Amino acid sequence: MPGRVVYLLDFSPSARESVFALADRLPRDGIYVAFAERAARLPSPTARRLDLGERTDLKAAFQEAEVLRPSRVVLVSDGLFEPISAPFPLDAVYVPPKPHVAVELVPPPYPLYGETVGVGVVLEAPLSVEARLRVEGPAGTWERSLRVEGRKSLAYTFSLTEKAEVWAVVEGSWGRSEAQVSLQPADRGRALVLGDPALARYLEAQGFQVEEGPFRLPLEADLVAVGLGVLDLPEGAPEALRSYLRQGGGLLFTATPKGLFFGGWDRALPEDLPLKPLGRKGAALILVMDVSGSMEGEKLSLAVAGALELVRSAAEEDYLGVVLFSSTHRVLFPPRPMTEQGKKEAESLLLSVRAGGGTVLGSAFREAVRLLQGVPVERKGILVLSDGLISDPQDPILALAEASGLEVSAMALGADADRAFLKALAERGGGRYYQAATARELPRLFLKEGQEVFQGEGLEGRFPVRARPHPLAQGFSPPPLSVLLPARAEPWAEVVLESDGRAVLALGERGEGRVAALATDLSRSWRDWKEAASFLGGLARYLMGGKKALALYAYPEGKGVRVVVLGHLERPLFLSGGQEMPLVPTGPGRYEIQAQTPGVLLDGPRRLPLAFPLPGEWTPRDGKLVLKTLAEASHGRLLALEDLGQPGSSPLPLRPYLLALALALFLLERLLEARSFARKA
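Reading the values: the criteria
Residues numbered from 1 in each chain as written. Predicted model: local features only at pLDDT ≥ 70, side-chain atom pairs only at ≥ 80, totals over all residues. Heavy atoms only, no water. Pairing = 2+ DSSP bridges. Helix = DSSP H or I, 4+ residues; strand = E, 2+ residues; numbered from the N terminus. Contact = heavy atoms within 4.5 Å. Axes fitted to C-alpha atoms, helices over the stretch in contact; angles between N-to-C directions. Parallel < 35°, antiparallel > 145°, perpendicular 65-115°, else oblique. Nonpolar A, V, L, I, M, F, W, Y, C, P; charged D, E, K, R; others polar. Patch = residues over 30% accessible without salt bridge, like charges linked within 9 Å, V, L, I, M, F, W, Y side chains within 5 Å. Areas by Shrake-Rupley, 256 points an atom, 1.4 Å probe, with all protein chains shown as cover. Salt bridge = Lys/Arg side-chain N within 4 Å of Asp/Glu carboxyl O. Buried < 20%, exposed > 50% of the residue type's maximum accessible area, 1.4 Å probe, protein only. Core = buried A, V, L, I, M, F, W, Y, C linked by side-chain atoms within 4.5 Å. Polar contact = N/O pair within 3.5 Å; in protein donor to acceptor, adjacent residues only side chain to side chain. Phe/Tyr/Trp six-rings, centres within 6.5 Å; stacked < 30°, edge-to-face > 60°. Lys NZ or Arg CZ within 6 Å of the ring centre and 35° of its normal.

(A) Expanded view of the sheet that holds strand 1 (residues 5-10). Strand order in the open sheet formed by six strands is 3-2-1-4-5-37, and the pairing between neighbours is mixed. Bordering the open sheet on either side are strand 3 (39-42) and strand 37 (638-639), each of which pairs with just one other strand. Note: strand 1 against strand 4 (residues 72-77), five bridges, orientation parallel. Bridged to Leu 9 within strand 4 is Val 76. Strands strand 4, strand 5 (90-94) and strand 37 of the sheet are contacted by helix 13 (residues 623-633), whose axis makes an angle of about 170 degrees with strand 5.

(B) Structural detail: the packing of helix 3 (residues 197-205) against helix 12 (residues 532-544). Close contact between helix 3 and helix 12 brings their axes to 8 Å; oriented N to C, the two are set at 85 degrees. The angle between helix 3 and helix 12 falls in the class roughly perpendicular. Listed contacts from helix 12 to Leu 199, Tyr 202, Leu 203 and Ala 205 of helix 3 are Ala 532, Ala 533, Leu 536, Gly 537 and Ala 540. Partitioning the contact of helix 3 with helix 12 into residue classes produces eight nonpolar, one polar and no charged.

(C) Fine view of a nonpolar patch on the surface. There is a patch of nonpolar side chains on the surface, built from Leu 654, Tyr 657, Leu 658, Leu 661, Leu 665, Leu 668, Leu 671 and Leu 672 and spanning about 820 Å² of accessible area. Residue classification places Leu 658 among the exposed residues on the basis of a relative accessible area of 55%.

(D) Region of interest: the nonpolar core. Formed by 84 residues in total, the largest nonpolar core has its most connected members in Val 224, Phe 253, Leu 260, Trp 265, Trp 526, Leu 536 and Leu 539. Among the elements that make up this core, the one with the highest residue count is helix 12 (eight residues). When neighbours within four sequence positions are excluded, Phe 253 is seen to be in contact with Val 226, Leu 260, Trp 265, Leu 269, Leu 273, Val 515, Ala 516, Ala 517 and Leu 518. Listed in part, the 35 residues of the second largest apolar core include Leu 332, Leu 383, Met 411 and Leu 445.

(E) A look at the side chain of Lys 276. With respect to the helices and strands, the residue Lys 276 is situated in strand 15 (residues 275-277). Residue Lys 276 is classed as buried on the basis of its relative accessible area, which comes to 12%. A distance of 3.0 Å separates a polar side-chain atom of Lys 276 from the backbone oxygen of Pro 270.

(F) Spatial organisation of helix 8 (residues 362-372). The buried fraction of helix 8 amounts to eight of the 11 residues, a majority that puts the element mostly inside the structure. Of all the positions in helix 8, only Gly 362, Ala 364, Phe 365, Glu 367, Ala 368, Val 369, Leu 371 and Leu 372 are classed as buried.

(G) Region of the structure containing the pairing of strand 2 (residues 31-35). Where burial is concerned, most of strand 2 is hidden: five out of the five residues are buried. Burial of the side chains of strand 2 extends over both faces: Ile 31, Val 33 and Phe 35 are buried on one face and Tyr 32 and Ala 34 on the other. In the sheet, strand 1 pairs with strand 2 via five bridges, with the strands oriented parallel. Within strand 2, the residue paired with Leu 8 across the bridge is Val 33.

(H) Region of the structure containing the packing of aromatic side chains. All told, the structure shown has 11 aromatic pairs when counted by the stated rule. On the basis of an interplanar angle of 50 degrees and a centroid distance of 5.8 Å, the ring pair of Tyr 156 and Phe 158 is categorised as tilted. On the basis of relative accessible area, Tyr 156 is assigned to the buried category, the value being 3%. Judged by its relative accessible area of 5%, Phe 158 is buried. A ring pair is formed by Trp 526 and Phe 535, whose centres lie 5.9 Å apart and whose planes are at 85 degrees; its orientation type is edge-to-face. The buried category is assigned to Trp 526, whose relative accessible area is 3%. Among the aromatic residues, those joined into a cluster by ring pairs are Phe 476, Trp 526, Trp 529 and Phe 535. The side chain of Arg 48 reaches across the aromatic face of Phe 20, ending 4.2 Å from its centre. Over the ring of Tyr 542 we find Arg 514, and its NZ or CZ is 4.4 Å from the ring centre.

(I) Molecular detail of the side chain of Thr 254. In this structure, Thr 254 sits in strand 14 (residues 250-254). Using a relative accessible area of 1% as the deciding quantity, one classes Thr 254 as buried. At 2.7 Å, the side chain of Thr 254 forms a polar contact with the side chain of Asp 196. Those residues within four positions of Thr 254 in sequence are excluded, and the remaining contacts are Asp 196, Leu 199, Val 226, Gly 227, Gly 259, Leu 260, Leu 518, Thr 520 and Leu 522.

Below is the structure:
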């Protein structure tokens, strides 16, 4: 039987012009429904409706068609929409979309004060088209001509120091589209600066909240800058800084007179410092340690712990040996290079030391002097540790210390130590005298002596600087340096600045945090460089990015977008449309959610607006393939325009006819039975 054909005409902005152009060729005997965001009946195929919205909602069109109880449905569209299942057999006719370029501005999710931010300029065109783009904002006007096909993303960058407005306009033969976005700093970075006033002033000029010490736990700053030495900070500071870095903090080491290699950080944090000294001359040190009976117990344990600090503070080019003395002397191990294997062997031998006997120093001291004679380094020293009175003659020991040409230091432990002799030994030997009231002070005193002996050297002069290709150095030309610590970069680090093959600034990632080392003293270098604050501010923001900043990525998927947030979050929620949805952790520092509309990221006290380019009316798709897939899934097909005149058909219901035939046959049978009975009668 003849059926009812319903035609769904796509009146969305991308398709309406093509649909209007073929209206005269559509059959007159159909039922017409126009749709965009809403759907409405049309009296004829040539009727126009421009009030149905600016997007495409296929669901509204299907609902309107269902009410009409069609026997056949034909969709006329450009296919630029997210397909949904049709509740009826559906045929489709493809029309090309209108040439057009849509523009959207995507702000950074968490811009910091003073940061160079990038506003994403997202262009979308379903067809290849020439366009003129103009972007205006704090960085001035930005114009260019370009061809847009599919999706194209650009970045408009500027330094953010106050609320900013950015406008974008795209024009072409198809018309004009525009977008606007407002953004302001979400927060100021917090920096803890230890021992580098020059760096503190630079960061303050860049808008950072700067606190100049003291070092205290927990470390709550976004960036910790260290210009002090290991021994200038409390016990446990290296371990605390390592933990802070591995958990996402930012660390910056600068070469003040007390910092970087002078401060022993290359030994205290050997696995986390991106720079190591270059061309350092090795030194040799022998520890002459008292293991008499009075050292039994805690004293010996802490003396060994201090000796282990000496082992750890030595570099591969340094030599370390240990001679023990009590009633007699014993060479625990002669001076040996502190390679990785050498350190392991030294640690094992130190842990085997036992106490007992008297306090005879002379033979042990002479043995130490003898052992150092064949060590191939210029700087050589002896460190004597004792907690009691020396029982053998002292004058020969003092004379040997003065005549040996070695650097002799002495350490007195406790109230019973022979302080006068040990002090005189250090004075005659040209070394340093240490006094430890309790054994607990020994490890840091050993570390201090190791830092004095195994120290590096700095260079003064005029050292040209070259910037390597890196985003942090782009646009900067640093002047020559006045002070330089010769250094090389670790294999895992990236060099940003260098001078004649020596690394000046290197950085890298350790754990979830970022660390950098600058091999110059800022109080003497770059004082007259006007861009120093901008460069160091950018470096600081990069380093704190591991802990503070968030990176946002959005991928069109289904009816919305898949949002991926990278950063350190506690318990992130996404607020959209009045509903809170938890973000799903999918990796270290990585969270995801499927979003339908923009919203707000909630994380503790932070509220961060998230904007991202949702699939829009002009999102590039293969519209013809979308229509073909949609039609075939409903047992329909993709039609050509000439196929539209085919009449629709509706199935004929046979039940009433079959019931009538059955009743007629029943009555006929009764009639024939009655006649047969009458004849027999």
